[in-house]
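Architecture at a glance
The primary structure of each chain is shown beneath.
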Amino acid sequence: MRRLLAARAAQAVVVVAVVATVVFALIHLAPGDPFGAALESGRVSPEVRAEWRARYGLDRPLAEQYVRWIGSVARGDLGWSFSRNRPVAGALASALPNTLVLMGTALLLSIALGIAAAVLQAARRGSLVDRGSSALLLVFYSMPEFWLGLMLLLAFAYELPIFPVSGVVDPVMHEYMGTWGRFVDRVRHLALPALTLTLLLSAAIARHQRAALLDVARADFTRTARAKGLSPRAVLLRHALRNSLGTTITLLGLMFPALLGGAVIVETVFAWPGMGSLATSAIAQRDYPLVSATAIVGAVMTVAGSVIADVLGATADPRLRDA
Amino acid sequence: MTPDPLLDVQNLRTTFSTDAGPARAVDGVSFTVGRGETVGLVGESGCGKSVTALSILRLIDGAGRIEKDSHILLEGRDLLSLPEREMRDVRGNRVAMIWQEPLSALNPVMSVGDQIAEVARVHAHASRAEAHAKAVEMLRLVGIADPEQRANEYPHQLSGGMRQRVVIAMALVMSPALLIADEPTTALDVTIQAQILELLAEVQKRMGMSILLITHDLGVVAETASRVVVMYAGEVVEEAPVRELFADAHHPYTEGLMRAMPRVGGTETRLATIPGAVPAPTDWPHGCRFRERCPYAWELCEREHPPLYQIGAGHVSRCHLAIEPERRAHPHVPIAAATGAGAGE
Amino acid sequence: MSERAAGVRPLVSVRDLAVHFPVKKGVLGRAKGAVRAVDGVSFDVFPGETLALVGESGCGKTTTGRAVLRLVEATAGTILFDGTDVRALKAEPLRKLRRQMQIVFQDPFSSLNPRMTVGATVREGLVIHELAEGAEADARVRRLLEEVGLRPDQASRYPHELSGGQRQRVGIARALAVEPRFIVCDEPVSALDVSVQAQVVNLLQDLQRDRGLAYLFIAHDLSVVQHVADRVAVMYLGRIVETAPGEALYDEPLMPYTQALLSAVPVPDPDAKRQRIVLSGDVPSPAAPPSGCVFHPRCHHPARDAACARIVPPLEPKGEMSGSGKSAGAPHLVACIKQPPTTVDDATQRAAGATHPPQRYLPVVGAR
Amino acid sequence: MSATSGPWSVALRRLRRDRVAIGAAAAIVILALAALLAPLIAPYPPNAQPDIVGMATLPPSGAHPFGTDVFSRDVLTRVMYGGRVSLGVAVLSIALSITIGTAYGAVAGYVGGATEAAMMRLIDALLAVPRVLLLLLALALWGAVGLPALILMLGLTGWFGTSRLVRERVRALSRGEFALAARALGASHARVLWRHVLPSALTPVIVAATLGIGNVVVLEASLSYLGIGVRPPNASWGNIIQEGSEQIASGWWIALFPGLAILVTVVAFNLLGDALRDALDPRK
Amino acid sequence: GRGDRASGSEGDVGGTVVISTAAEPDFLLPPIILSAMGKMVSDQLFERLAEIGPKMNAMGDEGFEPRLARHWTWAPDSLSIAFELDPRAHWHDGKPVRAADVKMGFDLMRDPKVASPQAPNVAEIDSVTVRDSLTAVAWYHRRSLDQFFTAAYNVIPVPAHLLGSVDRANLKADPFVRNPVGSGPFRFVRWVPSQLVELVADTTYFRGRPKLDRVVVSIAPDPNTAVTRLLAGEADFIEVLRGEQLAQAQKDPKLQVKQYGGVDYAFLQFNLRDPKHHGRPHPVLGDRNVRVALAMALDRAAIARNVYDTLATVPFGPAPRSLGIADSTIRQIPYDSARAKRMLDSLGWRDSNGDGIREKNGVPLRFSVMVPGSSRPRQRVAVLIQEQLKGVGADVTIDQLDFNAMIAKLGTRSFDALINSWHPDPTPSSIRQTWTSEGSRTNDGSNFGSYESPVFDAQVDSAVASHDAKQARTLYLRAYQTFVDDAPAIMLYEPNLVAGASKRIRLVNLRPDAWWAGIAQWSIPAGERIDRDRIGLRPAAR
Ligand SMILES: Nc1ncnc2c1ncn2[C@@H]1O[C@H](COP(=O)(O)OP(=O)(O)OP(=O)(O)O)[C@@H](O)[C@H]1O
Ligand SMILES: Nc1ncnc2c1ncn2[C@@H]1O[C@H](COP(=O)(O)OP(=O)(O)OP(=O)(O)O)[C@@H](O)[C@H]1O
Ligand SMILES: [Mg+2]
Ligand SMILES: [Mg+2]
């Protein structure tokens, strides 16, 4: 296990370095600069722009910018966000928790939902429940995130105004609420974006988990379990489920980037001030340091996600522990 | 045959629906297993041995179905008419099974101790600690050194021989009346096979259970079984006490098997062969199913599906030679050899 | 190794062959130790002869066979094919040489490309070596199929439409197509039923007779081996521990391992009464083979002692030249310092901690 | 059995008996035909604005079964033309990513060793960046990209998974026995890879590609929704939805129909992919 | 002390207004603010010397109302103005506002280390000096019609006692710019990036406390969400509603809508120079007659109608109606596509190869129109224009660009045409930057299309130099006519901005150029208050 972690740590460094380089290249090869927007007013003189560019080192040769930047990132200094006018770390610190809450909630809910659905389907294979719920989940699975989000928004925020349309908390009232009120406020705001991601993700998990369960059901050892006199329920829960969990955990690890991508879009639809919103607006505003930092954080999250998946996978499957 | 057999399989027919139509994998099989007896079930790959074993435990699933008029009497009770819940009490308890591939037969994510203990928990309603103690005891019984330690290990940490011992331990927890062993040594090396066969003989002696030993290795049969049932193409083609079978096989298929088998110490320079291959279970030939590969077949064999003829005491054979024994003196080239026809067509 | 019937040169001559597979571990996948799959193996195969290689699963038979054909790269040793140093060949000459040495695999299904018809499979060798094309190739494919006992019209079949025995025949036809002189048969009948196994064994023997082929016949089934082999080499943990003409080996197995192996083979005779040597424990891992004689931890030789754990026993002649027919004059070599005569003298043994002198040990194992 | 019963024809025969697969394939064919034949069968020209004041945002009617959009254009016509772009982009970019992924994966898997390790580490890294983010970055930073560039970008960011899949299969197959047999026959590496390994390695790739088309349709729609995908006046399902999402209350039909088209397409490709996987599964 | 009086008790005093917006302030220190939202917030926090009157007159000091300056005195030569501060004015930390604060406000704008984007706005002022603690004097390089405006409106006093020792080169990173201390009617409470800025009434404000208790700027990530928040009742005010959403708001019984004009005008601008060889005229658009024909082919009224329904009008010329200069006396190019076709025919642009596109000497009548991806209305206009010009045989490709990419192309003048819109200062002289040769020659000037007409330049110059308002107007009108006739750009529409607000709120003084100018006078009657109005003045829990 320790070896596994060490290997993953080394891999993480490589991943982050590659991501950082790719992002740097993409950004600096693209036309435009962060101070373009200032031009619109027609009031910023070339001297001022030059001064700004110089201040952020944008006038140096690319190679030098790259080396400086990589160096400072390695030292943990992510730089200054032009568009937010604050340290990048600060901007990340306020966005990251929101994304983690959203993704964490969605992940937990969808694992629970997806696995429950899959177990139900596998247990009643071929029944109406199986086929009906499979079809329904396939429809969710096939929906574009933004479309599902829009539909939920339309249904539960406009037509039936049960949930707020956007944000993490009621911007005005939150600070003036009691503890319970704040909690409810957060949950209400979290509901729709988390539901959107959950529906999509649990559909994916359920589809995969169902197939895995049926695969395992074909395996010799499930036959052994039945030959031992175990009830179908015990076979499913004690033997099949635990075995198939490994592949689902691996899948989750692999799906992490897609989940993050989904979060980007869902955050946009629901105006959730997380990493996704941060990244989109940073890109739109050519905020180089912030764009790079969000990409790096994304990569770190992905690697962290897959390490967690590996560790969990190894917990679920002893064969991986010795690998 | 014993008057009050432990297991009495009567006219077992198990069918699978496949792309190519219904496959009659087991087609009217009958045999008995007496108390404390070891019966060998032999036959070529695909002849229906495993399906027979699974049918006894009613573990046929998916596309498979046991036909209505089949009966499997265990200690007088027809297993096929038991409700599923009661059937579960039989599995692992009165009848236990061991498998060919010990690695895939074990759950890779559960410690072997837990897998053994599970049987005690289900059938003896043992507490966690009791069950664990039972598992360790069973591991010791099957000759695994350091059983306390091994109980906590996972299948992939054990060698092939040890895994098969674990599978056996799991089968023996409830001291079953019948142990079905489906090619328990095929995946093992000869030296390990010897160990396992030794072990089986020993536990049988100790526990007094019956064994239905499925194998395609006549050598194993000769060394372990007291009675042999030979299957071909979903049917029993011959059944006899082991000595009689080896000394005086009646069915041409059995005869062919005996001769085709190379033996250590044998002196033949050239092996006898059975031409052709087993037909597919979706279209058994009419008449005698062995006809095309048989050196004695004549037109009766095509016309009439042979019944099981009584040959001697406890010796039956599904061959028309029983009524025209003189034909044995005039073998000819079988159809399969003449046309080069093979299987799978 | 063997100077037999003067003037006959071995077709294949292997000396001190070793194949070590690195065991990769750690962050950067550095090699940390090795699986000594084959560790110092020497043998000769003479034209028209069958040398059988027997041993338990994992002892290195397949690896040896493949290393001879350079399908895996050997770590050390020399391999001469008809005088050519196989290990020194460059890609192109090696490709050419492969016309002369072929392989038949154990699993007749996985060794056939499921997407190629029987005809295409058999034809491939002809195409690669430009032996025939067009109608002539078709005719040759037909002839080959007939030769291995398949109907020519089965050329358009796919492997999944054939039975196991038929698939194995296709595998043999594929090997024969390029007209080799030497074939490595890697457990060609292990996956087959007895009745079919006999067909294939006979076929291989017929082909050998008709074409003068030499076989390296790998098997774990000693009863099959006895029928096909002129000489038998017994492997254990990457080494050859005993080699002798068939009859000699079966009559008088000297290496305790061979004895156990032979005694473990079930005999299809309910009346046979014999002593069975049941070895304790499992074969050790080739990644950490025991010191000295690799068999010593499981050995049942009464004279086994501390020296066995220290001294690597040389493969040396025990007794007179024996054998008849093709194997006439082949020596009986055994790697055991406790089975006299031995070149490892008493003094050396005692220095290594021996407490027992060597002693002829020959339990009755056969069922003859 | 007939003489032609290679793995593919077996699969095809199985598919023909699978009603769900037939339905899915039919849906795909209908959508594809509607898109391909749009210039012939669409009721109106795709960009004509007959009356931007009087006919804008009309609800569905006999003349306009899917209604009209803010520019008084016929939505049915736009959805048909949008299908050309959405499906075309998806198919072409998948073709591109499959090609790259297969080549890369095949080389890595066949060559093995340190080269393979390095190549796969790179893939790990690339897989760690959410694709949406990567596309967002590339497309948003470059601004106006045409359809070819969009296809290129989607193709270039879509092959990482394929390469893994191919590499695994190639690795297994090229060390497998029939590849070894071919090498023993004297076949060159190129021949082994091309004739023996790749054909078998491609089966899962084809399944993945089928499933992937659905993904790319959704991805393209998402990008268009974020305003960086297909640019007007080219219609794609995504940007029709985007235009429609602003009219959701007064012109729900504008976003609904392309949304349904996406849903049907993706569901159909998923079903077909699943059916294909089952049909090609040798275990059955 | 500042009494924490229970609010809401006194009639219309009290309540919270949540302003919904999609823009985030950049900074909250006037000299470095660039964004409109920054300006909106800082206008609540920082008081000016004097405020422009409702008539929006920027010439002279007519109509200006005193704020921090109690009164002002012009020097006889008009080259300096002395502002005398109101002694009651104080910073929110309690310190009085002093003349040094005025000087600090100006110095920060001018200091090159600060690199203030406002610097050009105060270019006419030479310096600001402190005559005594309550008197600051602005010194000018030369006289001009809007010199008072420049100082009173653009020089905003900032607290010298807090900013005296800051690192000016790093002003943007100074905590003050995100946590300001002002002198205006509202005091700063908190700023949660990307979420909100919260202000609370300064009950000790020297000109009387604002009626509202609290103003919250709620920041949405995009305009749609911003509107949605208003419609969902999560916010109370949005500066602009249009189309669909306006219709929805009008139907909503809880909402009111209010038109307040606006100063924006949008146009299709042509590049008169060849984008590849800047020395040559544009191969298609360089010809005035072609431009006129194109203008004739556009049904601008229908376009405005399609995009803004009744809420936009076609402008008279390159200046918004609200400046009160452009009027219907300007001769327009009529919509007449038949005539446009004839005109193009006669100019030699004919479709000789039958592809539906005209060409002349092998050059097709084809050009691309850039439009920023951030503006939905402009994108819509582009699609409308494209189709209408196709009708006369002109092929328009739409180049929808990310805003920054567009700016880059504008800077290098490498484009054919562009749909753009200006939000000019409330003084007509701003036309210089945008349409005269002066604006085209410098790279950062905003005359991106290089319209260089000596006639137009001369007319503008004389209008700007004029000291007489009436004469100036005539001169401006003449310049506008020249512009319309030359068609360097086709004026498309001038939106009539419509704000949306909760009916609770009594909106006052929505100025066309700055809707927020009257927030301090907005109110919510006690009877109509909702939860958030009852928070009172109490500080946030954290
Ligand atoms: N689930 C199934 N679906 C369809 N056919 C099946 C199924 N299981 C078994 N069969 C068929 O039933 C026949 C008998 O199979 P069975 O496994 O009993 O053979 P066997 O005698 O045990 O062979 P082996 O020695 O290879 O284990 C075979 O032809 C097989 O194809
Ligand atoms: N490519 C490889 N990498 C690492 N180890 C290998 C590799 N191939 C074989 N080995 C190991 O080398 C040893 C010898 O393997 P080999 O396949 O030669 O044995 P074998 O005698 O043919 O066994 P079997 O009877 O099971 O075929 C085994 O322990 C095996 O695990
Ligand atoms: Mg079986
Ligand atoms: Mg092998």
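Above: the structure in question.
Residues numbered from 1 in each chain as written. Chains lettered and ligands numbered in written order. Predicted model: local features only at pLDDT ≥ 70, side-chain atom pairs only at ≥ 80, totals over all residues. Heavy atoms only, no water.

**Points about helix α7 (residues 179-217) of chain A**
- Taking 1.5 Å of rise per residue, the 39 residues of α7(A) would be expected to cover 57 Å, yet its terminal C-alpha atoms sit only 48 Å apart, more than 12% below that figure.
- Of all the bends found along α7(A), the most pronounced is centred on A191(A) and spans about 40 degrees, while P193(A), a proline, follows it within four residues. (Helix = DSSP H or I, 4+ residues; strand = E, 2+ residues; numbered from the N terminus. Expected span 1.5 Å × (residues − 1). Bend = angle between axes of the 7 residues up to and from the residue.)

**Some thoughts on the site of ligand 2**
All names here are of chain C.
- Neighbouring ligand 2 are 13 residues; S57, G58, K61, T62 and T63 lie closest to it.
- Contact between ligand 2 and C59: an oxygen atom at 3.2 Å from a main-chain N or O atom of the residue.
- Protein chains shield 62% of the accessible area of ligand 2, which is 630 Å² for the free molecule.
- Of all elements in the fold, only β2 (30-45) and α1 (61-68) reach the threshold of two or more residues within the shell around ligand 2.
- Looking at the shell around ligand 2, the element that brings in the most residues is α1, giving 3 residues.
- Residue composition of the shell around ligand 2, by class: 5 nonpolar, 5 polar and 3 charged. (Near = heavy atom within 4 Å. Polar contact = N/O pair within 3.5 Å; in protein donor to acceptor, adjacent residues only side chain to side chain. Areas by Shrake-Rupley, 256 points an atom, 1.4 Å probe, with all protein chains shown as cover. Nonpolar A, V, L, I, M, F, W, Y, C, P; charged D, E, K, R; others polar.)

**What to know about the state of the cysteines**
Residue and element names in this part refer to chain C.
- Under the criterion given, the structure shown has 0 disulfides over all chains.
- Free cysteine: C299, not disulfide-bonded; nearest cysteine sulfur from C336 at 6.2 Å.
- Owing to a relative accessible area of 15%, C299 belongs among the buried residues under this scheme. (Disulfide = S-S within 2.5 Å. Buried < 20%, exposed > 50% of the residue type's maximum accessible area, 1.4 Å probe, protein only.)

**Overview of the interface of chain C and chain B**
- Contacts between the two partners involve 44 residues from chain C and, on the opposite side, 49 residues from chain B.
- Put simply, chain C and chain B have 2 salt bridges between them.
- Between R270(B) and D206(C) there is a salt bridge, with its nearest N and O atoms 2.8 Å apart.
- Seen at the junction of chain C and chain B, the total is 14 residue pairs in polar contact (both at pLDDT 80 or more).
- Every element with two or more residues in the side of chain C that touches chain B is listed here: α6 (194-211), α7 (222-228) and α9 (256-264) of chain C.
- Ranked by residue count, the leading element in the side of chain C that touches chain B is α6(C), at 10 residues. (Contact = heavy atoms within 4.5 Å. Salt bridge = Lys/Arg side-chain N within 4 Å of Asp/Glu carboxyl O.)

**Some thoughts on the pairing of strand β12 (residues 309-312) of chain B**
Residue and element names in this part refer to chain B.
- Strand direction decides the pairing type here: β12 and strand β13 (residues 315-317), joined by 3 bridges, are antiparallel. Considered in β13, the bridge of Y309 is made with S317.
- In this antiparallel pair of consecutive strands, β12 and β13, the connection spans 2 residues, and G314 shows a positive phi of 65 degrees. (Pairing = 2+ DSSP bridges.)

**A look at the arrangement of the chains**
- Most contacts, among the 8 pairs of chains that meet, fall between chains B and C.
- For the non-touching pair chain B and chain E, the nearest C-alpha separation works out to 48 Å.
- You won't find any contact between chain C and chain E; their C-alpha atoms come no closer than 42 Å.

**Concerning the site of ligand 1**
Residue and element names in this part refer to chain B.
- With respect to spatial proximity, 13 residues lie near ligand 1, and among them S45, G46, K49, S50 and V51 are the closest.
- Within the backbone of C47, a nitrogen or oxygen atom sits 3.3 Å from an oxygen atom of ligand 1.
- E183 places a polar side-chain atom, nitrogen or oxygen, 3.0 Å from an oxygen atom of ligand 1.
- Within the complex, the protein chains bury 66% of what would otherwise be the 630 Å² of accessible surface of ligand 1.
- Put simply, the parts of the chain that give the shell around ligand 1 at least two residues each are β1 (7-18) and α1 (49-56).
- Considering each element in turn, the shell around ligand 1 owes the most residues, 3 residues, to α1.

**Focus: the interface of chain D and chain C**
- Tallying the contact residues gives 25 residues for chain D and 28 residues for chain C.
- Considering only the side of chain D, the residues that lose the most area to chain C are E177(D), A184(D) and L185(D), jointly responsible for 29% of the buried surface there.
- On inspection of chain D and its partner chain C, the count reaches 2 salt bridges.
- Salt-bridge contacts for E177(D) lead to R66(C); the nearest nitrogen and oxygen are separated by 3.3 Å.
- On the surface where chain D and chain C come into contact, there are 13 residue pairs in polar contact (both at pLDDT 80 or more).
- Classifying every residue of the side of chain D that touches chain C gives 13 nonpolar, 8 polar and 4 charged. (Buried area = accessible area lost by both parts, 1.4 Å probe.)

**A look at the packing of helix α4 (residues 75-111) of chain D against helix α10 (residues 189-225) of chain D**
Residues and elements named next belong to chain D.
- Relative to each other, α4 and α10 sit at 145 degrees, their axes nearing to 8 Å. As α4 runs across α10, the sense of the crossing is right-handed. Of the residues in α10, those touching α4 at S86, L87, V89, A90, V91, S93, I94, I98, T102, A106 and Y110 are H189, V192, L193, L198, L202, V205, A209, G212, I213, V216, V217 and E220.
- Class assignment of the residues belonging to the contact of α4 with α10 gives a composition of 17 nonpolar, 5 polar and 1 charged. (Axes fitted to C-alpha atoms, helices over the stretch in contact; angles between N-to-C directions. Left-handed = near helix turned anticlockwise from the far one by under 90°.)

**Some words on the packing of aromatic side chains**
- According to the stated counting rule, one finds 36 aromatic pairs over all chains in the structure shown.
- Seen from their ring centres, F270(E) and F367(E) are 6.2 Å apart, and the 80 degrees between their planes marks the pair as edge-to-face. Remark: F367(E) occurs in strand β17 (residues 366-372) and F270(E) occurs in strand β13 (residues 265-270); sequence separation between them is 97 residues. By the burial criterion, F270(E) is buried, and F367(E) matches it.
- An aromatic cluster of at least three residues, connected via ring pairs, comprises Y265(E), F267(E), W422(E), W435(E), F448(E), Y451(E), F456(E) and F483(E).
- Residue placement shows R328(B) over the ring face of Y296(B); its charged tip is 5.7 Å from the ring centre.
- If you follow R178(E) out to its NZ or CZ, it ends over the ring of W191(E), 4.0 Å from the centre. (Phe/Tyr/Trp six-rings, centres within 6.5 Å; stacked < 30°, edge-to-face > 60°. Lys NZ or Arg CZ within 6 Å of the ring centre and 35° of its normal.)

**Here we look at the sheet that holds strand β9 (residues 210-215) of chain B**
All names here are of chain B.
- Read from one edge to the other, the open sheet built from 8 strands follows the order β7-β8-β9-β3-β10-β11-β13-β12, with strand pairing classed as mixed. Looking at the sheet topology across the chains shown, the edges are occupied by β7 (95-98) and β12. Between one strand axis and the next, the sheet turns by 20 degrees as a mean value, whatever way the strands run.
- Relative to strand β8 (residues 178-182), β7 is paired through 4 bridges, and the arrangement is parallel. The residue bridging M97 from the neighbouring strand is I180, located in β8.
- Packed on one face of the sheet, helix α7 (residues 160-172) meets β7 and β8 and runs near 175 degrees to β7.
- Packing of helix α8 (residues 190-207) onto the sheet brings it into contact with β3 (38-42), β7, β8 and β9, and relative to β9 it is tilted by some 160 degrees.

**As for the pattern of salt bridges**
- Counted under the stated rule, the structure contains 92 salt bridges over all chains.
- In this structure, the salt-bridge partner of E118(B) is R238(A), at a minimum N-O distance of 2.8 Å. You can see E118(B) sitting in helix α4 (residues 112-123) and its partner R238(A) sitting in helix α9 (residues 232-270), one on each of two chains.
- With a shortest N-O distance of 3.6 Å, R67(E) and E65(E) are connected by a salt bridge.
- Residue class for R67(E) comes out buried when judged on its relative accessible area of 14%.
- The network of salt bridges with shared partners includes R24(B), D27(B), E235(B), R289(B) and R318(B).

**Some remarks on the pairing of strand β1 (residues 16-21) of chain E**
All names here are of chain E.
- Burial of β1 is extensive: 6 of the 6 residues sit out of reach of the surface.
- Here β1 shows no split at all, with T16, V18 and S20 on one side and V17, I19 and T21 on the other all buried.
- Of the pairings in the sheet, the one linking β1 to strand β10 (residues 214-219) comprises 6 bridges and is parallel in character. Residue V17 lies in a different strand from β10, and its bridge partner there is V215.
- Inspection of the sheet shows β1 paired to strand β11 (residues 237-238) by 2 bridges, in the parallel sense. The residue bridging S20 from the neighbouring strand is I238, located in β11.

**A few points about a nonpolar patch on the surface**
Residues and elements named next belong to chain D.
- Among the surface-exposed residues, V29, L33, L36, L37, L40 and I41 lie close enough to one another that they form a single nonpolar patch of about 590 Å² accessible area.
- For the nonpolar patch, the secondary-structure elements that each account for two or more residues are α2 (19-36) and α3 (38-41).
- Top contributing element to the nonpolar patch by residue count: α2, with 3 residues.
- In this structure, L33 sits in helix α2.
- By relative accessible area, which is 42% here, L33 ends up partly exposed. (Patch = residues over 30% accessible without salt bridge, like charges linked within 9 Å, V, L, I, M, F, W, Y side chains within 5 Å.)

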